[in-house]
Amino acid sequence: MSKRIDVKDLNVYYGNFLAVEGVSINIAPRSVTAFIGPSGCGKSTFLRTLNRMHEVIPNARVEGEVLLDGDNLYAPGVDPVAVRSHVGMVFQRPNPFPTMSIRDNVLAGVKLNGGRLSRSEAQEIVESSLLGANLWNEVKDRLDKPGSGLSGGQQQRLCIARAIAVKPDVILMDEPCSALDPISTLAVEDLINELKEQYTVVIVTHNMQQAARVSDKTAFFNIAGTGKPGKLIEYAETATIFNNPKEKATEDYVSGRFG
Amino acid sequence: MAKTLHETPSVTKGRDVTATQTKTPESPKELREMSSGRGAAGDRIFSGAALAAGVLILVALVAVAVFLVVQALPAFVAPQSQIANGQGFWPYIFPLVVGTVIAAAIALLIATPISIGVALFISHYAPRRLAQILGYVIDLLAAIPSVIFGAWGISFLAPALVPGYTWLSNALGWIPIFAGPPSATGKTLLTASIVLAVMVIPIITSVCREIFLQTPKLHEEAALALGATRWEMIRMTVLPFARPGIISAVMLGLGRALGETMAVALVLSSGPLIASLIRSGNQTIAAEIALNFPEASGLSLNTLIAAGLVLFLFTLAVNILARWVISRHKEFSGAN
């Protein structure tokens, strides 16, 4: 269920503009990997290439390979739709479908991939996914109410439930807590810790304490200047990145001497 | 920052003072002077203008309604034997209402799926350049006067449809709406409905396109990230989000189709109410008024205005119904 990700020499382009250059990284299954770095350094862009979500932007393309347990996501004939049902994503702002109930939100992806479900199967998936997202007790009495009626933190956990309901191999999180208050953030961080029992989790965060709290390994991205491509500067155990980084740039950034 | 706060009259005085204390040390007297400045006047002018515009619409609506009721009243109170060659008002108006509703309904039945399809193509499928060009063409289509559509209807569309009508009456003649003998000129209610459909397509399309484009990227990406294809993404996010807007757009189109006069008057060879759509016959309220108005006087004029009142009330009822349909799903609308 949980798969490893190996990226080899990945370049990301928007049209002719090279946004991210030469990233190679190996991410172990059942781990949490954090991407940190200043705004515009390409970490979110790179994250999106791991489930081909960057292709939503016209003219965005990549060179290089992303291997999911050895299968290249960018091999000819690979459908991005299939990739995304294996690599789930949670976004910066909670985005449950406003026209759907809590139950239908959880089932949205399952219905896409699996087709028809019996009532008991559906109920089982809803319950297990919401339990998995630590949301079950808060919403079990109002599964037919709209998902948009929940608090921001609950909405984000609903989005996580929706992502794990399709049983992906990898879960990508793009600054999942940046729109949440500290208590909701804590709830989501606890959840990330539980998710790594079953999934490969990759998280982009601007919050370095968060990276230190949740991740096993950390990757630091940086950019040489405006208009220059973002690069992976250093990738190591989280403790190493924060206490004993090899690169000067990493040390400056994690100690707050950046910019 | 502090300065703009002073100029905004909506900010309460208490907050104003706090802002000043933290930003710049100014005396309350200065605050009071600045509070009645340019910003406050502009705000008052704008709110007055907005109120006036709102009131004006209501006044116009009430004036039309009062005019219609006053002018139509004689047709309701006069002895029914004097109205519409002795038919009486209700027997006279009933076939017209039915004809109007059928023509508008067929027009919407044809126009709605086409419009939604075109709007989706422009908003979510076409390359940007093509989408822009298509958008202009659609807007241009909306600007063509109805008499041109009418002329096109008689001179091109009606003759072109005759073979089709002949075929329909042969193949499906056992269904009452396709019963023969078909019109030899093609000037039938179905032709009129098709012309109406062409006329309302640009209206529905451009409203739908605007609404489809407003679907939050956030929700579209959520669907795609779950492994939705583009069509599944549209079904999960764009269409539900746009639902109230689509209903409004269709209502706008319905208003045009119900009230359209010139095109129907030109295209339809009118007659008494019949079930068949491909024979000459049937009539709509608006075309009936237009055709008979020049020679009407006295009670027959009142009768036509009463017909107009019926159309007015019918349109109003349809719009209220549409509002109700939209509001029923408010909780799930995405507005909260």
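Criteria and cut-off values
Residues numbered from 1 in each chain as written. Chains lettered and ligands numbered in written order. Predicted model: local features only at pLDDT ≥ 70, side-chain atom pairs only at ≥ 80, totals over all residues. Heavy atoms only, no water. Helix = DSSP H or I, 4+ residues; strand = E, 2+ residues; numbered from the N terminus. Expected span 1.5 Å × (residues − 1). Buried < 20%, exposed > 50% of the residue type's maximum accessible area, 1.4 Å probe, protein only. Arc of directions from axis to C-beta. Contact = heavy atoms within 4.5 Å. 1 Å grid on protein atoms, 1.4 Å probe; cavity = no way out; pocket = protein on both sides within 12 Å on 5 of 7 lines; lining within 4 Å. Points joined across faces, edges and corners; volume = space filled by probe spheres on them. Nonpolar A, V, L, I, M, F, W, Y, C, P; charged D, E, K, R; others polar. Buried area = accessible area lost by both parts, 1.4 Å probe. Polar contact = N/O pair within 3.5 Å; in protein donor to acceptor, adjacent residues only side chain to side chain. Core = buried A, V, L, I, M, F, W, Y, C linked by side-chain atoms within 4.5 Å. pLDDT = per-residue confidence, 0-100.

Let us now look at helix α6 (residues 128-142) of chain B. All names here are of chain B. Spanning 15 residues, α6 covers 21 Å between terminal C-alpha atoms, matching the ideal 21 Å at 1.5 Å per step. Burial in α6 covers these residues: Ala-131, Gly-135 and Ile-138. Looking straight down α6, one finds that the buried residues subtend no more than 65° of arc, so they occupy a single side. Away from its buried face by more than 90 degrees, α6 exposes Arg-129, Tyr-136 and Leu-140. Residues of α6 that are buried make contact with α5 (89-125) and α8 (189-213).

According to the stated counting rule, one finds two cavities of 30 Å³ or more in the structure shown. For the largest cavity, the calculated volume is near 40 Å³. Forming the boundary of the largest cavity are Phe-97, Pro-98 and Thr-99 of chain A together with Thr-215, Pro-216, His-219, Met-236, Thr-237 and Phe-241 of chain B. No other element matches helix α10 (residues 230-259) of chain B, which puts three residues into the lining of the largest cavity. In the lining of the largest cavity, the residues fall into five nonpolar, four polar and no charged. Lining the second largest cavity are Met-89, Phe-91, Arg-162 and Ala-163 of chain A together with Ala-222, Ala-225 and Leu-226 of chain B.

Glancing now at the interface of chain B and chain A. Quite often, the size of an interface is put as the accessible area lost when its parts meet. Facing 21 residues of chain B, the contacting portion of chain A comprises 29 residues. The junction of chain B with chain A conceals about 2,100 Å² of combined surface from both sides, 69% of it contributed by carbon and sulfur atoms. In this assembly, chain B and chain A are joined by two residue pairs in polar contact (both at pLDDT 80 or more). Secondary-structure elements contributing two or more residues to the side of chain B that touches chain A are α9 (217-225) and α10 of chain B. Residue composition of the side of chain B that touches chain A, by class: eleven nonpolar, seven polar and three charged.

This paragraph deals with the nonpolar core. Ile-5, Ile-25, Phe-35 and Phe-46 of chain A together with Phe-212 and Met-236 of chain B are the most contacted members of the largest nonpolar core, which has 114 residues in total. Those residues in contact with Ile-25 of chain A, other than ones at most four positions away along the chain, are Ile-5, Asp-6, Val-7, Phe-35, Phe-46, Ala-219, Leu-232 and Tyr-235 of chain A. Core analysis: the second largest hydrophobic core is formed by 43 residues, Val-32, Ala-34, Ala-133 and Leu-150 of chain A among them.

A few words now on the confidence of the model for chain A. Overall, the predicted model of chain A reaches an average pLDDT of 90, with 98% of residues at or above 70. When pLDDT is averaged over each helix and strand of chain A, the minimum, 87, is found for helix α3 (residues 102-114) of chain A and the maximum, 95, for strand β8 (residues 200-204) of chain A.

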